[in-house]
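# Overview (structure and organization)
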Amino acid sequence: MASTRDGGYGILREYMTDAFGEPTATELTRPDYVALAESFGVPGVLTSAGTLEADLAKALATPGPSVVVLPAVLRMFAPTHLDGERPEAGR
């Protein structure tokens, strides 16, 4: 399993920040996916952009399941309803 860990509802957080200037109720307490995997006997690694290629190659070369977690901030979707303007407060 490969996973990005963005600390909550990343897509909604980005959408709300772009649309309203700040997000509300998008932060989540997240599990330690590496520790969770290891508690089931599955090897896990917390990786970075600099070590992702090597960590992923090692995980794919290892027989059985593996977990590779990449902490990330995703900026994937722009608001689709604003037409270039921010909504006013209370709208």
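Residues numbered from 1 in each chain as written. Predicted model: local features only at pLDDT ≥ 70, side-chain atom pairs only at ≥ 80, totals over all residues. Heavy atoms only, no water.

## Describing the overall build of the protein chain
The test is simple: Secondary structure elements follow DSSP: runs of H or I of four or more residues count as helices, runs of E of two or more count as strands, with numbering from the N terminus. Should any heavy atoms of two residues lie within 4.5 Å, those residues are counted as being in contact.
In terms of helices and strands, the protein chain carries three helices and three strands. The N-to-C order of helical and strand elements in the protein chain reads β-α-α-β-α-β. For the protein chain, the share of sequence-separated contacts (at least 6 apart) that also reach a separation of at least 24 residues comes to 54%.

## Remarks on the confidence of the model for the protein chain
Our working rule: Looking at any residue, its pLDDT shows the predictor's confidence there, from 0 to 100.
Here the protein chain averages 77 in pLDDT, and 64% of its residues register 70 or above. Model confidence for the protein chain, summarised as mean pLDDT per element, is weakest for strand β1 (residues 2–5) at 58 and strongest for helix α3 (residues 52–61) at 95.

## Digging into the side chain of D55
The test is simple: Burial status follows relative accessibility: with a 1.4 Å probe on protein chains alone, a residue under 20% of its type maximum counts as buried, one over 50% as exposed, and anything between as partly exposed. Positive: Lys, Arg. Negative: Asp, Glu. His and the chain ends are not part of the count. Counted as salt bridges are all cases of a side-chain nitrogen of Lys or Arg within 4 Å of a carboxyl oxygen of Asp or Glu. Throughout this description, a polar contact denotes any pair of N or O atoms lying within 3.5 Å of each other; where both atoms belong to protein, one of them has to be capable of donating a hydrogen while the other can accept it, and for residues adjacent in sequence the pair is counted only when both atoms sit in side chains.
Along the chain, the position of D55 falls in helix α3. No salt bridge is formed by the buried D55; its nearest oppositely charged neighbour, K58, is found at 6.7 Å. A distance of 2.6 Å separates the side chain of D55 from the side chain of T47, its partner in a polar contact. In this structure D55 touches V45, T47 and V68, once residues within four positions along its chain are discounted.

## Concerning the pairing of strand β3 (residues 67–71)
The line we're drawing: The rule for pairing is simple: two strands pair if DSSP sees at least two bridges between them. When the strands point away from the viewer and the connection leading from the first strand across the helix to the second strand turns clockwise, the crossover is called right-handed.
Across the five residues of β3, four count as buried, placing the element largely inside the fold. With three bridges joining them, strand β2 (residues 44–46) and β3 adopt parallel strand pairing. In the sheet register, V45 faces β3, and the bridge partner there is V68. In this view, the connection linking β2 to its parallel neighbour β3 by way of α3 has right-handed handedness.

## What to know about the nonpolar core
Which entries qualify depends on this criterion: Here, the term nonpolar core denotes a set of buried Ala, Val, Leu, Ile, Met, Phe, Trp, Tyr and Cys residues that are joined through side-chain atoms within 4.5 Å.
Among the nonpolar cores identified, the biggest contains five residues, and these are V34, A37, V42, V67 and V69. Of all the elements in the fold, those that place two or more residues in this core are α2 (33–39) and β3. Excluding its chain neighbours within four sequence positions, the residues that come into contact with V42 are A37, P65, S66 and V67.

## Some details on the environment of E14
By the secondary structure assignment, E14 is in helix α1 (residues 10–20). Classification of E14 as buried rests on a relative accessible area of 9%. Sequence separation between E14 and T26 is 12 residues, and the spatial gap between their C-alpha atoms is 9.5 Å.

## Structural notes on the environment of I11
Take I11: it is sitting in helix α1. Once the C-alpha coordinates of I11 and T26 are considered, the two residues, 15 residues apart in sequence, prove to be 9.2 Å apart.

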